[in-house]
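Architecture at a glance
Spelled out from the first residue to the last, the chains are:
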Amino acid sequence: MNFNIPNWLIIASGIGQIFTAMIYPYIRHQVFDWYNDVKKLKPLNQEIAKTYGRYIQGLNFSFGLIAIIFTDELKETSALAVALTGLIAMYWVGKVATQIAYYPMYDIPKKTIFKIGSYGMNCLFVLFAVVNTLLFVHNIIGHYQF
């Protein structure tokens, strides 16, 4: 079983991941009022929450940059390609699973732009999970020559 993931799809996924990193502060501030919630925490917990937020933003940006710059390398079936695409796929599959399992119980502000944005972001997260899972499967098959 051999299949090809088009470079344009990997690059589009990378651009989307960078977009999520860039819009992340806006979503935290405008949609979730995150900063006011964080202010209620003890100082150390505030810093931990902010650090995790930066980790998420940094990973999204980094994964996007990797997809754009190293598009061909992500498909080369090497052990490193297997490991990296597996890591990225697990990250996004975990994000989608978290969205499905936990986020529906929370209220997103009722503004139309936020509702549309929520659907758009969820579609992007599914795209990232699918593209990177396909890359991972492609690399596993190629590396172990199933």
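Here we summarise the structure given alongside this text. Keep in mind it's a predicted model, so treat the numbers as computed, not measured.

What counts as what
Residues numbered from 1 in each chain as written. Predicted model: local features only at pLDDT ≥ 70, side-chain atom pairs only at ≥ 80, totals over all residues. Heavy atoms only, no water. Helix = DSSP H or I, 4+ residues; strand = E, 2+ residues; numbered from the N terminus. Contact = heavy atoms within 4.5 Å. Polar contact = N/O pair within 3.5 Å; in protein donor to acceptor, adjacent residues only side chain to side chain. Buried < 20%, exposed > 50% of the residue type's maximum accessible area, 1.4 Å probe, protein only. Salt bridge = Lys/Arg side-chain N within 4 Å of Asp/Glu carboxyl O.

Within the fold, N7 resides in helix α1 (residues 7–31). Spatially, the C-alpha atom of N7 lies 31 Å from that of A101, the residues being 94 residues apart in sequence. With residues up to four places along the chain from it excluded, the contact list for N7 reads T71, D72 and K75. At 3.1 Å, the side chain of N7 and the side chain of D72 are in polar contact.

Moving on: the environment of V96. With respect to the element layout, V96 can be found in helix α4 (residues 79–101). The buried category is assigned to V96, whose relative accessible area is 17%. For the pair formed by V96 and F32, sequence separation is 64 residues and the distance between their alpha carbons is 18 Å. Not counting the four nearest positions on each side in its chain, V96 is found in contact with F125, V126 and A129.

Across all of its chains, the model carries 2 salt bridges by this definition. Between K50 and E47 there is a salt bridge whose closest N-O contact spans 3.8 Å. With K50 and E47 both in helix α3 (residues 43–69), this residue pair falls 3 residues apart, about one helical turn. Owing to a relative accessible area of 40%, E47 belongs among the partly exposed residues under this scheme.

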